[in-house]
Structures are given as structure tokens and as C-alpha cells.
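Structural characterization, general
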Amino acid sequence: MTLAASFRRMRESSIASSQRRWIRAPRSKPSGAGFAGTTIAMRCASVLALCALLAVPAHAAEGVPTEQDRATQSRATAIAEQLRCLVCQNQTIADSNAELAVDLRRQVREQIAAGRTDREIIDFMTARYGDFVLYRPPFKARDRGDHARAPDP
Amino acid sequence: MNRKLLIPLALFVALVGFLLVGLGLNPREVPSPLVGKPAPDFKLAQLHQPERMLGPTDLKGQVWLLNVWASWCVSCRVEHPLLVELSKSKVVPLVGLNYKDKPNEGLAWLAQHGNPYEVSVVDRDGRVGIDWGVYGVPETFVVDKAGTIRYKHIGPVDAAALEKKILPLVRELQKS
């Protein structure tokens, strides 16, 4: 049997079983294949309508992302991609879900919101964690081979 | 012997030398840029008396240790008996930074394992930890009388680190 044919059979058998389930359900109206089909369609429509009703207020509460939010998000990601997760070392804090990485991403977002420049945020991190926090550390003559120790990706 | 063969041999020996040195290094130990810099300021609530605050400025004029700990931290249990012993000797005040911990769990942990800390302060969301460049627990800092960080120990403090590094430095700083 070809793959397509087997898929078709699977689909047909699943439709058949779903119709069986609908037909067997106790109904006040006379049952039949046509009736089962409309019930499914009606149910789907009502579920979709309910979803739409539920979705609207939730969306309104969150707010539609503005251009500015998107810019902030892409800046935050760009900065996070330059910073090494010190717990996992071979990942950036953008990739890592270690708790410290999550905290540092929060710091980045907060500092963007506070109007700091990318340079200031990177400097904030290196002042605390050293050049090692930079995923691509700058080469400096005074290095004592610290970066050579770090496993590079 | 063929002199040409000596060149790859010398290169090989040099390579082995580098690799041997590399074996002895620990990539997990990231040197702190804060050593030699003023201790980052904070004002945090005390674990046992949440209505009272404490910060590095309150500790000026004495040499003190800041130990970052948490009840969820497994390696903290390794160093804990040593810290309890150190606190009994009264050589140097030990301040605890209860890092990203629930205060009731921190208190229960100290009640169970003993409390070596003069005072512990609560860093609930880890912000002070970030200011101090903490990237793992436990970590231990030596702060001098002027409030400058003089040393950072990463990972659990063991007897060798305490006897050979931390205590000699503390005694030297206490004299000055």
C-alpha cells in the first residue's frame, strides 16, 4: 500500500468512527449521517465563536504590541545574544534558561526601559562579571589567558 | 639522528605542556572584576529581623566576609560545617547573603544546620547578587576595613582555601 493510500484510509476510518460516536449519542431528533455532519459543523462553529469571544478580551488586556515594544524586544535580544551565560558558559543568556540568565535578561529589559544605551548595558555587565561575560571577549594584552581557558563554541 | 625529526617532537612536547597546564585550570572559575573595587552598596532586610536593614556601610571599619548562600543550594551544605566552626572562633564576622530564597525556608535551613552568620540579609530577587557579580552559590567575599573587596572565593569553601588563602588575608587586613 502506498503512503498516500494509507493516510486516506486512516482519515476515512477516523471520520467513520467520529460519525459513529455522534450517531450513537442519545438525541431527541431522528439521527442519520446528514444530521451527524451538521451537528459537527454546528459544534465547531459554536466552539469557534466561543473562542473568538474569549480571545477578544484577553487580547485587549495584553495590548497590541506597538512598534516601540518590538524595537525594545529586538534590542533586548541583540544585547542578550552578546552576553555569556556564566552558569552554562557555552550559551548566551538569550539561549539559556538558567535562572541567572533569566535574571540578566530582565536586567537588560529594565535598563532599556530606563533609557540606557546598549553600550551602558554591556558596561553594566562587564563591571560585574568581567570581559568573560561577553560572548566574544575583546583581546587585551593584560589577559592572563582567562579567555583561552573558556571553552569556545 | 635526523635533525628534521626533532622539530615535530619539540612541537609535540610544547603542546603536551600546554595541555597539562590546561588540565589544572578550572573554566568554571571566572575571575571577578570587583576584586580591588569598593563593595557594591545595598540596603537589605535582615533575615531574622526583617524590620532592620543592613548594608556594607554599616560594616565599615572592620574586615568581614560576605557568604552567598541559599536553602536550595546543595554545595552550601558542604561548606556549612566549616563556616559554623569559623563563626565559633570569632576571628572574622560572617555576613550571609540569602540569595533568591524564601525567607521562611532560609530560616528553617539555618535552624536545622546551625547559623554561622552574624547576620543574614535577604536578596529575594537576586539583584544584589548581580551587583556583586554572583553567578553561582556559594560564593564568599573578603571585604577590608575601607569597604573594598579583596578576595572572592567561588564554590564551597574548603579547609585548604580557608587556612591558606582566606584567613591569612583576613589577619593581614586586620593588622593594617
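Residues numbered from 1 in each chain as written. Chains lettered and ligands numbered in written order. Predicted model: local features only at pLDDT ≥ 70, side-chain atom pairs only at ≥ 80, totals over all residues. Heavy atoms only, no water.

On to the overall build of chain B. Looking only at helices and strands, chain B has five helices and seven strands in total. Taking 16 Å as the expected radius of gyration for a compact globule of 176 residues, we find that chain B reaches 20 Å, considerably beyond that expectation. Considered along the principal axes of its C-alpha atoms, chain B spans approximately 80 × 35 × 30 Å. Put simply, 71% of the contacts in chain B that link residues at least 6 apart link residues at least 24 apart. Just so you have it, chain B exposes about 9,400 Å², and 61% of that area is on carbon and sulfur atoms. Of the side-chain charges in chain B, 21 are positive and 17 negative, and the distance between the mean point of each set is 7 Å. (Helix = DSSP H or I, 4+ residues; strand = E, 2+ residues; numbered from the N terminus. Rg over C-alpha atoms; globule rule 2.2 N^0.38 Å. Contact = heavy atoms within 4.5 Å. Areas by Shrake-Rupley, 256 points an atom, 1.4 Å probe, with all protein chains shown as cover. Lys, Arg positive; Asp, Glu negative; His and termini not counted. Charge placed at Lys NZ, Arg CZ, Asp CG, Glu CD.)

Our focus in this paragraph is the state of the cysteines. With the rule as written, the count across this model stands at two disulfides over all chains. Note on cysteine connectivity: A:Cys85 is disulfide-linked to A:Cys88, with sulfurs 2.3 Å apart. Disulfide A:Cys85-A:Cys88: the torsion about the S-S bond is 80°, which places it as right-handed. For A:Cys85, a relative accessible area of 1% translates into the label buried. Overall, the relative accessible area of 24% leaves A:Cys88 in the partly exposed class. Bridging B:Cys73 to B:Cys76, the disulfide has an S-S length of 2.2 Å. Here the S-S torsion is close to 95°, and the disulfide linking B:Cys73 with B:Cys76 is therefore right-handed. For the pair formed by B:Cys73 and B:Cys76, the shared burial category is buried. (Disulfide = S-S within 2.5 Å. Buried < 20%, exposed > 50% of the residue type's maximum accessible area, 1.4 Å probe, protein only.)

Across soluble globular proteins, nonpolar side chains have a tendency to be buried as a group. Membership of the largest hydrophobic core comes to 68 residues, with the highest contact counts inside it found for A:Leu83 and B:Trp132. Per-element accounting of this core gives the leading share, six residues, to helix H5 (residues 159-175) of chain B. Residues contacting B:Trp132, with those up to four places away along its chain left out, are B:Leu34, B:Ala39, B:Pro40, B:Phe42, B:Pro56, B:Trp64, B:Leu66, B:Phe141, B:Val143 and B:Ile149. (Core = buried A, V, L, I, M, F, W, Y, C linked by side-chain atoms within 4.5 Å.)

Another aspect to go through is the interface of chain A and chain B. Each partner contributes to the interface: chain A provides 22 residues, whereas chain B provides 19 residues. Carbon and sulfur atoms supply 51% of the area buried between chain A and chain B, which totals about 1,700 Å² over both sides. On inspection of chain A and its partner chain B, the count reaches four salt bridges. Among the salt bridges present, the one from A:Glu99 reaches B:Lys100, with a minimum N-O distance of 3.1 Å. Inspection of the chain A/chain B interface yields six residue pairs in polar contact (both at pLDDT 80 or more). With seven residues, the top contributor of residues to the side of chain A that touches chain B is helix H4 (residues 99-113) of chain A. Grouping the amino acids of the side of chain A that touches chain B by side-chain chemistry returns ten nonpolar, four polar and eight charged. (Buried area = accessible area lost by both parts, 1.4 Å probe. Salt bridge = Lys/Arg side-chain N within 4 Å of Asp/Glu carboxyl O. Polar contact = N/O pair within 3.5 Å; in protein donor to acceptor, adjacent residues only side chain to side chain. Nonpolar A, V, L, I, M, F, W, Y, C, P; charged D, E, K, R; others polar.)

A word on the pattern of salt bridges. One pass over the structure, following the stated rule, counts eleven salt bridges over all chains. Where B:Lys100 meets A:Asp103, a salt bridge forms, and the shortest distance between an N and an O atom there is 2.4 Å. One end of the pair, B:Lys100, is in the loop between strand S4 (94-99) and helix H3 (103-113); the other, A:Asp103, is in helix H4, on a second chain. Across the pair B:Arg150 and B:Asp144 runs a salt bridge, and its minimum N-O distance is 2.7 Å. Classification of B:Arg150 as partly exposed rests on a relative accessible area of 38%. Residue B:Asp144 is classed as buried on the basis of its relative accessible area, which comes to 7%. One network of salt bridges, in which partners are shared, links A:Glu99, A:Asp103 and B:Lys100.

Of all six residues in strand S3 (residues 64-69) of chain B, six are buried, a share of seventy percent or more. Regarding topology, helix H2 (residues 74-89) of chain B serves as the crossover connection from S3(B) to the parallel S4(B), and that connection is right-handed. (Right-handed = clockwise from strand over helix to strand, strands pointing away.)

Further remarks concern the confidence of the model for chain B. On average, chain B scores 94 in pLDDT, and the residues at 70 or more come to 98%. With a pTM of 0.70, the predicted complex shows an ipTM of 0.81. (pLDDT = per-residue confidence, 0-100.)

The next subject is the environment of A:Glu67. Residues and elements named next belong to chain A. Locating Glu-67 in the fold gives a position in helix H3 (residues 67-80). Look at Glu-67 and you get exposed, because its relative accessible area is 60%. Separated by 38 residues in sequence, Glu-67 and Arg-105 place their C-alpha atoms 20 Å apart.

All names here are of chain A. One can describe the packing of H4 onto helix H5 (residues 118-129) by two numbers: an axis separation of 10 Å at closest approach and a directional angle of 140°. Taken together, the axes of H4 and H5 are oblique relative to one another. When you trace H4 past H5, the crossing you get is right-handed. Along its contact with H4, which presents Leu-100, Leu-104, Gln-107, Val-108, Gln-111 and Ile-112, the element H5 presents Ile-121, Phe-124, Met-125 and Tyr-129. (Axes fitted to C-alpha atoms, helices over the stretch in contact; angles between N-to-C directions. Parallel < 35°, antiparallel > 145°, perpendicular 65-115°, else oblique. Left-handed = near helix turned anticlockwise from the far one by under 90°.)

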